[in-house]
Amino acid sequence: MSVREEFDDWATSGRDKGMEDRHWHTAKHALARMPVEPGETVLDLGCGSGYAGRALRDTKGAGRVYGLDGAPEMARNAASYTDDASVGFLVGDFDALPFADDSIDHVWSMEAFYYAADPHHTLEEIARILRPGGTFYCAVNYYEENVHSHEWQEFIDIEMTRWDRDEYRMAFREAGLHVAEQDNIPDREITIPDDDEFPLEDWDTREAMVERYREFGTLLTVGVAP
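Residues numbered from 1 in each chain as written. Predicted model: local features only at pLDDT ≥ 70, side-chain atom pairs only at ≥ 80, totals over all residues. Heavy atoms only, no water.

**Q** Just checking my understanding: could you explain the packing of aromatic side chains for this structure?
**A** Two numbers describe a pair of aromatic rings. These are the distance of the centres and the angle of the planes. Evaluated as defined, the whole model comprises 11 aromatic pairs. Ring centres of Y114 and Y142 lie 5.3 Å apart, and the angle between their planes is 65°; this geometry places the pair in the edge-to-face category. Linking Y114 in the loop between β4 (104-110) and α5 (119-129) with Y142 in the loop between β5 (130-140) and α6 (165-174), this pair joins segments that are 28 residues apart in sequence. Given the relative accessible area of 2%, Y114 is considered buried. (Phe/Tyr/Trp six-rings, centres within 6.5 Å; stacked < 30°, edge-to-face > 60°. Helix = DSSP H or I, 4+ residues; strand = E, 2+ residues; numbered from the N terminus. Buried < 20%, exposed > 50% of the residue type's maximum accessible area, 1.4 Å probe, protein only.)

Here it is, written out as structure tokens:
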């Protein structure tokens, strides 16, 4: 199954809004860090329901926001969730971003980068379209150190890239991006029951659940275009 087919299915079944609800726990903290100035142009790469772009318009005053997704149904749904004329959605390929060189001020991606068929080339494309000083905020829950995420590949037909923290930094630098920061953003909104309530359906121990959400959380890597 292709990325398009997989996520068209998610969109038609309403899972795009469920993704938004779960991702927002940590995404809102990463988005708050983005140095977006009023009027700047932002690309939301793998936009899903488009929540990040809408948030950047509302909280940062971003000028023009583009949401790009590989699934037409995702992009169609995202467009239906806003009537803001400064937010637009398109279907596109991570390996051939439909933007001119030095035309985007900031790129955001949440839980999407690891679906890129060629992540190294995707980073080169991001570096190409970013203006000097522009940033790429890359947020992922599926990464090597987060052992609790490894099983996700079993439930997704698309081959995903599972890098560790060092591999993310190295790949950013190889693509020509300076690594400004790398951080784990904990999910403090997931309720973790007391010890005497374990095991749960999805968790054998409270320690494992605490590790997943409070320690590993979301890995954020920030690149800056020279």
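**Q** Is there a simple way to think about the pairing of strand β7 (residues 218-224) in this case?
**A** Note on strand geometry: in a regular strand, side chains alternate between the two faces of the sheet. Most of β7 sits out of view: six of its seven residues are buried. The pairing of β5 with β7 spans six bridges and is classified as antiparallel. The partner of Y137 across the bridge, within β7, is V222. Where strand β6 (residues 178-185) lies against β7, seven bridges are found, and the strand directions are antiparallel. Considered in β7, the bridge of H178 is made with V224. (Pairing = 2+ DSSP bridges.)

**Q** Just to check I follow, could you spell out a negative patch on the surface for this structure?
**A** Together, D194, D195, D196, E197 and E207 line one region of the surface with negative charge. In this fold, D195 is placed in the loop between β6 and α7 (206-216). (Patch = residues over 30% accessible without salt bridge, like charges linked within 9 Å, V, L, I, M, F, W, Y side chains within 5 Å. Areas by Shrake-Rupley, 256 points an atom, 1.4 Å probe, with all protein chains shown as cover. Salt bridge = Lys/Arg side-chain N within 4 Å of Asp/Glu carboxyl O. Lys, Arg positive; Asp, Glu negative; His and termini not counted. Charge placed at Lys NZ, Arg CZ, Asp CG, Glu CD.)

**Q** I would appreciate a short explanation of the environment of D21 in the present structure.
**A** Position of D21 among the secondary structure elements: in helix α2 (residues 15-33). Considered as a pair, D21 and Y51 are 30 residues apart in the sequence and their alpha carbons are 9.4 Å apart.

**Q** Even after reading the chapter, I still don't get the side chain of D69, so can you show me in this structure?
**A** With respect to the element layout, D69 can be found in strand β2 (residues 64-69). Residue class for D69 comes out buried when judged on its relative accessible area of 8%. A distance of 3.3 Å separates a polar side-chain atom of D69 from the backbone nitrogen of C47. Excluding residues within four positions of it along the chain, D69 makes contact with G46, C47, G48, M74, L90, V91 and G92. (Polar contact = N/O pair within 3.5 Å; in protein donor to acceptor, adjacent residues only side chain to side chain. Contact = heavy atoms within 4.5 Å.)

**Q** Even after reading the chapter, I still don't get the environment of Y168, so can you show me in this structure?
**A** Among the structural elements, Y168 can be located in helix α6. When the C-alpha atoms of Y168 and T205 are compared, they prove to be 30 Å apart, with 37 residues separating the residues in sequence. Setting aside chain neighbours within four positions, we find Y168 in contact with F113, C138, V140, W163, Q182, L219 and T221.

**Q** Help me understand the nonpolar core in this model?
**A** A general trend in soluble globular proteins is that nonpolar side chains are found buried together. In terms of nonpolar packing, the biggest core is built from 35 residues, with L43, V107, L123 and F136 touching the most fellow members. For this core, the secondary structure elements donating two or more residues are β1 (41-45), β4, α5, β5 and α6. Counting 24 residues, the second largest nonpolar core, distinct from the first, contains L31, A52, A75 and A78. (Core = buried A, V, L, I, M, F, W, Y, C linked by side-chain atoms within 4.5 Å.)

**Q** What am I meant to see in the sheet that holds β5 here?
**A** Strands in a sheet are paired, the pairing made by backbone hydrogen bonds, and the direction either parallel or antiparallel. Taken in spatial order, the seven strands of this open sheet run β3-β2-β1-β4-β5-β7-β6, and their pairing is mixed. Both outer strands of the open sheet, β3 (87-91) and β6, are each paired with one neighbouring strand and no more. Across the sheet, the mean angle from the axis of one strand to that of its neighbour is 15°, orientation sign disregarded. The pairing of β1 with β4 spans three bridges and is parallel. Note that in β4 the partner of L43 across the bridge is V107. Of the strands in this sheet, β1, β2, β3 and β4 touch helix α3 (residues 51-60), which is tilted by about 160° from β1. The strands touched by α6 within the sheet are β5, β6 and β7, with β6 carrying the most contacts at an inclination of about 155°. (Axes fitted to C-alpha atoms, helices over the stretch in contact; angles between N-to-C directions.)

**Q** I keep staring at the pattern of salt bridges and nothing clicks. Help me out?
**A** Pairing between side chains of opposite charge can happen when their charged atoms approach one another. Under the counting rule described, the total for this entry stands at 11 salt bridges. Two residues, K28 and E189, come together in a salt bridge whose shortest N-O distance is 2.3 Å. With K28 in helix α2 and E189 in the loop between β6 and α7, this pair connects stretches of sequence that are 161 residues apart. On the basis of relative accessibility, which here comes to 28%, the residue K28 falls in the partly exposed class. You can call E189 partly exposed: its relative accessible area is 39%. Across the salt bridge formed by R128 and E125, the nearest N and O atoms sit 2.8 Å from each other. Pair noted here: R128 and E125 are both in helix α5, with a separation of three residues, about one helical turn.

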